[in-house]
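Next come the chains, spelled out residue by residue.
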Amino acid sequence: TAVKADVPVLGVCFGGQALAAALGGTVERSPRPEFGWFEIESSVPAIASGPWFQWHFDRFTAPGGATSLADSDSGVQAFRTGRSLGVQFHPELTTAILEGWLADADEAELRHLDGTPEGLLAETAEREEQARPHTDALVDHFLTTVAGLLPVSVRH
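Residues numbered from 1 in each chain as written. Predicted model: local features only at pLDDT ≥ 70, side-chain atom pairs only at ≥ 80, totals over all residues. Heavy atoms only, no water.

### With respect to the side chain of threonine 81
1) Next: Looking at the element boundaries, threonine 81 is found in strand S5 (residues 75-81).
2) Next: A residue is classified by how much of its surface remains accessible, and threonine 81, at 19% relative accessible area, is buried. (Helix = DSSP H or I, 4+ residues; strand = E, 2+ residues; numbered from the N terminus. Buried < 20%, exposed > 50% of the residue type's maximum accessible area, 1.4 Å probe, protein only.)

### Quick look at the nonpolar core
1) Next: One finds Ile40, Ile47, Trp52, Leu69, Ala78, Leu85 and Phe89 to be the most contacted residues of the largest nonpolar core, which totals 15 residues.
2) Next: Those elements that provide at least two residues to this core are strand S4 (67-72), strand S6 (84-87) and helix H4 (117-146).
3) Next: For this core, the element with the highest residue contribution is H4, accounting for three residues.
4) Next: With residues near it in sequence (within four places) discarded, isoleucine 40 still touches Ile47, Ala48, Ser49, Gly50, Trp52, Gln54, Ala70, Asp71, Ser72, Gln77 and Phe89.
5) Next: One finds Leu93, Leu102, Ala105 and Leu120 within the second-largest nonpolar core, a separate group that totals 11 residues. (Core = buried A, V, L, I, M, F, W, Y, C linked by side-chain atoms within 4.5 Å. Contact = heavy atoms within 4.5 Å.)

### What about the environment of serine 68?
1) Next: On the secondary structure map, serine 68 appears in strand S4.
2) Next: Of the residues examined, serine 68 reaches a relative accessible area of 36% and is grouped as partly exposed.
3) Next: Sequence separation between serine 68 and threonine 26 is 42 residues; the distance between their C-alpha atoms is 14 Å.
4) Next: Ignoring anything within four residues of it in the chain, the contact list for serine 68 reads Ser43, Val76, Ala78 and Phe79.

### So, the pattern of salt bridges
1) Next: Under the defined criterion, the tally for this structure stands at six salt bridges.
2) Next: Of the charged contacts, one joins arginine 29 and aspartate 58 as a salt bridge, the two residues approaching to 3.4 Å between their closest N and O atoms. With arginine 29 in strand S2 (residues 27-42) and aspartate 58 in strand S3 (residues 50-60), this pair connects stretches of sequence that are 29 residues apart.
3) Next: Here arginine 29 falls in the exposed class, since its relative accessible area comes to 55%.
4) Next: On the basis of relative accessible area, aspartate 58 is assigned to the partly exposed category, the value being 23%. (Salt bridge = Lys/Arg side-chain N within 4 Å of Asp/Glu carboxyl O.)

See below:
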(Lines give C-alpha, C1' and ligand atoms only; values in the text may rest on other atoms or scores of the structure.)
Protein backbone atom coordinates (compact mmCIF):
# COMPACT_ATOMS: atom_id res chain seq x y z
CA THR A 1 0.00 0.00 0.00
CA ALA A 2 2.81 2.42 0.89
CA VAL A 3 4.66 1.71 -2.37
CA LYS A 4 1.46 2.14 -4.40
CA ALA A 5 0.89 5.46 -2.61
CA ASP A 6 4.48 6.51 -3.53
CA VAL A 7 5.51 6.62 0.13
CA PRO A 8 9.24 5.86 0.52
CA VAL A 9 9.97 2.63 2.39
CA LEU A 10 13.26 1.53 3.95
CA GLY A 11 13.09 -2.15 4.90
CA VAL A 12 15.84 -3.50 7.16
CA CYS A 13 16.39 -7.27 7.57
CA PHE A 14 12.86 -8.64 8.18
CA GLY A 15 11.56 -5.33 6.79
CA GLY A 16 13.61 -5.91 3.62
CA GLN A 17 12.18 -9.44 3.43
CA ALA A 18 8.65 -8.12 3.91
CA LEU A 19 9.19 -5.45 1.25
CA ALA A 20 10.57 -8.01 -1.20
CA ALA A 21 7.67 -10.41 -0.59
CA ALA A 22 5.02 -7.67 -0.82
CA LEU A 23 6.37 -6.61 -4.20
CA GLY A 24 6.67 -10.09 -5.71
CA GLY A 25 10.09 -11.29 -4.56
CA THR A 26 10.57 -14.41 -2.50
CA VAL A 27 11.68 -15.10 1.05
CA GLU A 28 13.18 -18.47 1.89
CA ARG A 29 15.42 -20.18 4.41
CA SER A 30 19.03 -19.29 3.69
CA PRO A 31 21.35 -22.26 3.15
CA ARG A 32 23.59 -20.67 5.79
CA PRO A 33 22.20 -18.58 8.67
CA GLU A 34 24.15 -15.37 9.22
CA PHE A 35 24.81 -14.07 12.71
CA GLY A 36 27.72 -11.63 12.86
CA TRP A 37 29.79 -9.54 10.45
CA PHE A 38 29.69 -10.73 6.81
CA GLU A 39 31.17 -9.35 3.60
CA ILE A 40 28.91 -7.95 0.90
CA GLU A 41 29.71 -6.61 -2.56
CA SER A 42 27.94 -3.43 -3.62
CA SER A 43 27.38 -1.91 -7.04
CA VAL A 44 26.69 1.58 -5.64
CA PRO A 45 29.13 3.73 -3.64
CA ALA A 46 26.48 4.67 -1.07
CA ILE A 47 26.36 1.07 0.15
CA ALA A 48 29.91 0.23 1.11
CA SER A 49 31.31 -3.12 0.10
CA GLY A 50 32.74 -4.91 3.08
CA PRO A 51 31.44 -6.19 6.37
CA TRP A 52 27.88 -5.44 7.48
CA PHE A 53 26.15 -6.97 10.48
CA GLN A 54 23.69 -9.81 9.82
CA TRP A 55 21.24 -11.54 12.17
CA HIS A 56 18.92 -13.84 10.24
CA PHE A 57 18.01 -17.35 9.12
CA ASP A 58 16.25 -16.25 5.91
CA ARG A 59 17.07 -14.43 2.70
CA PHE A 60 15.11 -12.68 -0.06
CA THR A 61 15.18 -12.28 -3.80
CA ALA A 62 14.62 -8.87 -5.33
CA PRO A 63 11.14 -8.38 -6.77
CA GLY A 64 10.69 -8.17 -10.53
CA GLY A 65 11.71 -4.79 -11.88
CA ALA A 66 13.86 -3.99 -8.83
CA THR A 67 17.55 -3.18 -9.10
CA SER A 68 19.88 -5.33 -7.04
CA LEU A 69 22.41 -3.03 -5.33
CA ALA A 70 24.45 -5.44 -3.19
CA ASP A 71 24.88 -9.16 -2.76
CA SER A 72 26.90 -11.81 -0.97
CA ASP A 73 27.44 -15.54 -1.18
CA SER A 74 24.06 -15.92 0.55
CA GLY A 75 22.12 -13.85 -1.99
CA VAL A 76 20.77 -10.35 -2.51
CA GLN A 77 21.74 -7.95 0.29
CA ALA A 78 20.11 -4.74 -1.01
CA PHE A 79 17.65 -3.77 -3.71
CA ARG A 80 15.85 -0.66 -4.88
CA THR A 81 12.47 -0.34 -6.47
CA GLY A 82 11.02 3.11 -7.07
CA ARG A 83 11.28 5.10 -3.84
CA SER A 84 11.91 2.02 -1.70
CA LEU A 85 15.08 0.31 -0.52
CA GLY A 86 15.33 -3.11 1.10
CA VAL A 87 18.45 -4.38 2.86
CA GLN A 88 19.13 -7.76 4.46
CA PHE A 89 21.79 -6.49 6.87
CA HIS A 90 21.54 -4.27 9.96
CA PRO A 91 23.10 -0.82 9.36
CA GLU A 92 21.62 0.42 12.63
CA LEU A 93 23.63 -1.97 14.79
CA THR A 94 25.61 -0.64 17.73
CA THR A 95 27.26 -2.48 20.59
CA ALA A 96 24.38 -1.48 22.87
CA ILE A 97 21.80 -2.88 20.44
CA LEU A 98 23.77 -6.12 20.11
CA GLU A 99 23.95 -6.48 23.89
CA GLY A 100 20.13 -6.46 23.95
CA TRP A 101 19.85 -8.95 21.09
CA LEU A 102 22.29 -11.33 22.75
CA ALA A 103 20.41 -11.10 26.06
CA ASP A 104 17.18 -12.03 24.24
CA ALA A 105 18.71 -14.59 21.84
CA ASP A 106 17.62 -18.20 21.93
CA GLU A 107 19.85 -21.26 21.64
CA ALA A 108 19.14 -21.65 17.89
CA GLU A 109 20.54 -18.17 17.25
CA LEU A 110 23.52 -18.49 19.58
CA ARG A 111 24.56 -21.82 17.99
CA HIS A 112 25.16 -19.97 14.71
CA LEU A 113 27.57 -17.40 16.12
CA ASP A 114 31.07 -17.74 14.78
CA GLY A 115 32.64 -17.69 18.22
CA THR A 116 31.18 -16.50 21.50
CA PRO A 117 28.73 -13.72 22.38
CA GLU A 118 31.60 -11.94 24.15
CA GLY A 119 33.78 -12.23 21.04
CA LEU A 120 31.01 -10.85 18.83
CA LEU A 121 30.50 -7.93 21.23
CA ALA A 122 34.23 -7.18 21.17
CA GLU A 123 34.33 -7.34 17.37
CA THR A 124 31.30 -5.06 17.15
CA ALA A 125 32.87 -2.55 19.54
CA GLU A 126 35.95 -2.51 17.29
CA ARG A 127 33.90 -2.10 14.09
CA GLU A 128 31.29 0.36 15.38
CA GLU A 129 33.27 3.55 14.70
CA GLN A 130 34.29 2.34 11.22
CA ALA A 131 30.71 1.25 10.40
CA ARG A 132 29.06 4.56 11.38
CA PRO A 133 30.04 6.51 8.21
CA HIS A 134 28.79 3.59 6.09
CA THR A 135 25.45 3.75 7.86
CA ASP A 136 25.32 7.53 7.42
CA ALA A 137 26.02 7.17 3.68
CA LEU A 138 23.31 4.51 3.33
CA VAL A 139 20.72 6.67 5.11
CA ASP A 140 21.73 9.75 3.07
CA HIS A 141 21.41 7.66 -0.11
CA PHE A 142 17.96 6.48 0.91
CA LEU A 143 16.71 9.95 1.84
CA THR A 144 18.18 11.84 -1.12
CA THR A 145 18.50 9.45 -4.05
CA VAL A 146 15.86 6.78 -3.36
CA ALA A 147 13.16 8.68 -1.48
CA GLY A 148 13.99 12.12 -2.91
CA LEU A 149 13.17 13.74 0.43
CA LEU A 150 16.20 15.87 1.26
CA PRO A 151 18.62 17.88 -0.84
CA VAL A 152 22.11 16.39 -1.08
CA SER A 153 23.56 19.37 0.81
CA VAL A 154 21.75 18.32 4.03
CA ARG A 155 24.10 16.27 6.24
CA HIS A 156 24.07 15.30 9.91
